[in-house]
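Coordinates in review
So you can see what is in the structure, the chains are spelled out below.
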Amino acid sequence: MSLKLDGKNLSLKIEEILKNDIICRQNTIKRPPGLAVIRIGDDPASGVYIKNKEKACERVGIKSHIFHLNETSNYSEVRDLIIKLNTDKNIDGILLQLPIPNQFDAQKLISNINPDKDVDGLNEKNIGKLVKNEDAMRSCTPAGIINLLKSEDIEIEGKNIVVIGRSLLVGKPLSLMLLNLNGTVTMTHSKTKNLDKICKKADILISAAGKPHLIDSSFVKDGAVIIDVGIHRLKSSNNSKTRLCGDVLLDDVIPKVSAYTPVPGGVGPMTVTMLLVNTIFSWQKQFGLSSTLKDLLP
Ligand code: NAP
């Protein structure tokens, strides 16, 4: 019987810790943690993700501030907003919601975020610290995946781990975090040859390719752990309904694996929760308070 790695359940448990942390410290700090989310344009999926983040902030007591800029905004407008938020005393975290319209260079914009408020962990300074295995804000989706594995005592050290995808948002930081935890990591991408054979050697297989149902049971070793980062909205055959699925053909894979993440309810909720963790961590740090939340950051 394979184990479902229930990200929704774990995120609710972590939220309880975060809520109590804010309540306990508010007498000292006198204001709630503040998260600024910058949205550019009208990508509908981003709209849904931002709503989820707003609701999650509300549940734990973080004040969220949404800045919705027009699709036609230019680089200086977005940079100026970031610079203003960098010195705003009520803002502890700044997140640029990705993807952004093609005319922008996301990394160039993220470089302007104060590294101490970079709650997505994507600023060069934080990525550099990850490379050096030093404490820093960690990217939310990879950090969420590691917490999910740790929560079920799934060992990383010494395991063969295959990561599909090398994006700056997921694949690269995740591979580095796993390496820092002594996993033996193979990174793969769209130009990788014999992907199925490489995946079949994995004790832990993580797919962040963004390709619906790319992975079926022929990619998976018996007893492996499979983590599905992909999120896709597929239309039913008569186009009347949509449903969410991941990169993994779960029904085919579940009988073979020892543990798996569902879509929805696996990695997605953990991504949002790690954003809350990073924001509260930054809030505490700004006021010189030591944090037990550090344990939640890989
Ligand atoms: P991305 O920037 O498009 O990167 C996709 C990566 O997958 C690229 O490195 C690409 O290779 C590789 N790839 C694409 N097709 C492949 C194939 N057939 N075989 C092997 N590798 C392949 O996407 P992303 O931002 O990393 O996100 C990936 C997926 O995760 C998306 O579905 C996204 O919606 C989802 N996501 C989910 C969460 C969550 O919270 N659950 C968070 C973030 C993202 P190249 O580099 O060679 O192009």
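To keep things clear, this report deals only with the structure shown in the data block. (Residues numbered from 1 in each chain as written. Predicted model: local features only at pLDDT ≥ 70, side-chain atom pairs only at ≥ 80, totals over all residues. Heavy atoms only, no water.)

1. A word on helix α3 (residues 75-86)
- Taking 1.5 Å per residue as the helical rise, α3 with its 12 residues ought to reach 16 Å, and the 16 Å between its terminal C-alpha atoms agrees with that figure.
- Along α3, the residues classified as buried are Val78, Leu81, Ile82, Leu85 and Asn86. Looking straight down α3, one finds that the buried residues subtend no more than 140° of arc, so they occupy a single side.
- Of the surrounding secondary structure, the elements contacted by the buried residues of α3 are β2 (34-40), β3 (63-69), β4 (93-96) and α4 (106-110). (Helix = DSSP H or I, 4+ residues; strand = E, 2+ residues; numbered from the N terminus. Expected span 1.5 Å × (residues − 1). Buried < 20%, exposed > 50% of the residue type's maximum accessible area, 1.4 Å probe, protein only. Arc of directions from axis to C-beta. Contact = heavy atoms within 4.5 Å.)

2. Some points on the state of the cysteines
- Within this structure, the stated rule accounts for zero disulfides.
- This cysteine, Cys24, is not joined by any disulfide, and Cys57 carries the nearest cysteine sulfur, 19 Å off.
- Cys24 sits in the exposed class, given a relative accessible area of 60%.
- For Cys57, which is in no disulfide, the shortest distance to another cysteine sulfur is to Cys140 and amounts to 11 Å. (Disulfide = S-S within 2.5 Å.)

3. Side note on the sheet that holds strand β1 (residues 3-4)
- Pairing is parallel across the open sheet formed by six strands, whose spatial order is β1-β11-β8-β7-β5-β6. Each edge of the sheet is formed by a strand with only one pairing partner; in this case those strands are β1 and β6 (184-188).
- Relative to strand β11 (residues 259-260), strand β8 (residues 225-228) runs parallel, the two sharing two bridges. Counterpart to Ile226 in the pairing with β11 is Tyr260. (Pairing = 2+ DSSP bridges.)

4. Concerning the side chain of Thr141
- Tracing the backbone shows Thr141 in helix α6 (residues 140-151).
- For Thr141, a relative accessible area of 12% gives the class buried.
- Engagement of the side chain of Thr141 in a polar contact is seen with the side chain of Thr271, the distance being 3.1 Å.
- Those residues in contact with Thr141 that sit more than four places away from it in its chain are Val170, Val229, Val267 and Thr271. (Polar contact = N/O pair within 3.5 Å; in protein donor to acceptor, adjacent residues only side chain to side chain.)

5. Observations regarding the sheet that holds β4
- Reading across from one edge, β3-β2-β4 is the order of the three strands in this open sheet, with parallel pairing throughout. Since the sheet does not close on itself, it has two edges, and those belong to β3 and β4, each with one partner. Neighbour to neighbour, the strand axes of the sheet diverge by 15° on average, direction disregarded.
- Here β2 pairs with β4 via four bridges, running parallel. (Axes fitted to C-alpha atoms, helices over the stretch in contact; angles between N-to-C directions.)

6. Here we look at the packing of aromatic side chains
- Throughout the structure, instances matching the rule amount to zero aromatic pairs.
- The aromatic ring of Tyr75 is capped on one face by Lys108, whose charged end is 4.4 Å from the ring centroid. (Phe/Tyr/Trp six-rings, centres within 6.5 Å; stacked < 30°, edge-to-face > 60°. Lys NZ or Arg CZ within 6 Å of the ring centre and 35° of its normal.)

7. Regarding the layout of surface pockets
- Each pocket or cavity is described by its volume, and for the largest pocket that value is around 1500 Å³.
- Lining of the largest pocket is provided by 49 residues; of these, Tyr49, Val229, Ile231, Gly268 and Thr271 occupy positions nearest its centre.
- At the level of elements, α1 (7-29), α2 (44-60), β4, α6, β9 (232-235) and α10 (267-286) are the ones that each hand at least two residues to the lining of the largest pocket.
- Residues belonging to the lining of the largest pocket are distributed by class as follows: 25 nonpolar, 14 polar and 10 charged.
- Its volume calculated, the second largest pocket comes out at about 350 Å³.
- If you go around the second largest pocket, you meet 18 residues; those closest to its centre are Asp135, Ala136, Met137, Phe281 and Lys285.
- Secondary-structure elements contributing two or more residues to the lining of the second largest pocket are α5 (124-131) and α10.
- With three residues, α5 is the single largest residue contributor to the lining of the second largest pocket. (1 Å grid on protein atoms, 1.4 Å probe; cavity = no way out; pocket = protein on both sides within 12 Å on 5 of 7 lines; lining within 4 Å. Points joined across faces, edges and corners; volume = space filled by probe spheres on them. Nonpolar A, V, L, I, M, F, W, Y, C, P; charged D, E, K, R; others polar.)

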